[in-house]
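Geometric and topological summary
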Amino acid sequence: LLSMLLLSSGGCASNNNEMTIRISRKQLQDVVDKKLPFKKRFLRVFSAVVREAEVLLAEGSDRIGLRTGIALNVGPGGKGGSFSGHATGSAQLRYDPKSFRFYMVNPTIDEVAIEGVSEKHTAKMGWIFRKLIRKLVPVYTIKDDALKDKLARAILKAVRVSDGQVVATIGY
């Protein structure tokens, strides 16, 4: 998915031992938008729908953030009530040299706020956002066979946000 972004944007630079990949916020946002709306049912009682999500890139961070709008329905067909709110969280980037893919891992929740739901109950809903963020974040696959040969033993050396872009460095 992200391979299309990188190959079309010229977001790669390399030397003999490292490759740097640059992914803009807009490119990430476009990938996330393609996965929406996202619906998930929990415990046969709750259903959550994410209709919008904003990618957040904090300068100097090694995490990719998301702020999502969430609609929560309780009971069959929302008969127990419908509530709306938002959740904000982030995840780290991980590279798997066996599959030549980047994954979003270790999601954390910074805030969950649902109108009409107490903080006590909202705090328990963080696990819902963790499931959602895992589905919303992009995955990058290196498809170029020449690059695969070169990166077969590579590891992710560094990730940081710089000038509104995620900068990932892979190397030996």
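Structure report, in brief. The structure presented is a predicted model; accordingly, all values stated were derived computationally and were not measured. (Residues numbered from 1 in each chain as written. Predicted model: local features only at pLDDT ≥ 70, side-chain atom pairs only at ≥ 80, totals over all residues. Heavy atoms only, no water.)

**Quick look at the overall build of the protein chain**
A count of helical and extended segments in the protein chain gives five helices and ten strands. Surface summary for the protein chain: the accessible area is close to 9,300 Å², and the carbon and sulfur share equals 50%. (Helix = DSSP H or I, 4+ residues; strand = E, 2+ residues; numbered from the N terminus. Areas by Shrake-Rupley, 256 points an atom, 1.4 Å probe, with all protein chains shown as cover.)

**Some thoughts on the pairing of strand β4 (residues 46-56)**
By the bridge criterion, five bridges tie strand β3 (residues 38-42) to β4 in an arrangement that is antiparallel. When the sheet's bridge partners are listed, Lys39 is paired in β4 with Val49. Following β3, the chain reverses through three residues before pairing antiparallel with β4; Leu43 in that reversal takes a positive phi of roughly 55°. Note: β4 against strand β5 (residues 63-74), ten bridges, orientation antiparallel. Among the inter-strand pairings, Phe46 is bridged to a residue of β5, identified as Val74. Where β4 folds back onto β5 in an antiparallel hairpin, the turn is made up of six residues, including Gly60, whose phi is positive at roughly 85°. (Pairing = 2+ DSSP bridges.)

**Some remarks on the environment of Leu43**
Tracing the chain through its elements places Leu43 in the loop between β3 and β4. When the C-alpha atoms of Leu43 and Gly75 are compared, they prove to be 10.0 Å apart, with 32 residues separating the residues in sequence.

**With respect to a nonpolar patch on the surface**
Together, Leu43, Val45 and Trp127 make up a nonpolar patch on the protein surface, roughly 290 Å² of accessible area in all. Its location among the elements puts Trp127 in helix α4 (residues 126-136). Looking at Trp127, the relative accessible area reads 34%, which means it is partly exposed. (Patch = residues over 30% accessible without salt bridge, like charges linked within 9 Å, V, L, I, M, F, W, Y side chains within 5 Å. Salt bridge = Lys/Arg side-chain N within 4 Å of Asp/Glu carboxyl O. Buried < 20%, exposed > 50% of the residue type's maximum accessible area, 1.4 Å probe, protein only.)

**Points about the pairing of strand β9 (residues 155-162)**
Inspection of the sheet shows β9 paired to strand β10 (residues 165-171) by seven bridges, in the antiparallel sense. Paired with Arg160 across the bridge in β10 is Val167. In textbook terms, the turn of a hairpin is the stretch between consecutive antiparallel strands, and for β9 and β10 this stretch comprises two residues, one of which, Asp163, has a positive phi near 50°.

**Here's the deal with the side chain of Arg63**
The residue Arg63 is located in strand β5 in this model. Buried charged residue Arg63 carries no salt bridge. Nearest counter-charge: Asp62, at 5.3 Å. Polar contacts involving the side chain of Arg63 include one to the side chain of Ser90, which spans 2.7 Å. (Lys, Arg positive; Asp, Glu negative; His and termini not counted. Polar contact = N/O pair within 3.5 Å; in protein donor to acceptor, adjacent residues only side chain to side chain.)

**Some remarks on a positive patch on the surface**
Where like charges cluster on the molecular surface, the positive patch consists of Lys40, Arg130, Lys131 and Arg134. Here the positive patch takes three residues from α4, the largest share from any one element. Checked against the element boundaries, Lys40 lands in strand β3. In this structure Lys40 comes out as partly exposed when scored by relative accessible area, which is 30%. (Charge placed at Lys NZ, Arg CZ, Asp CG, Glu CD.)

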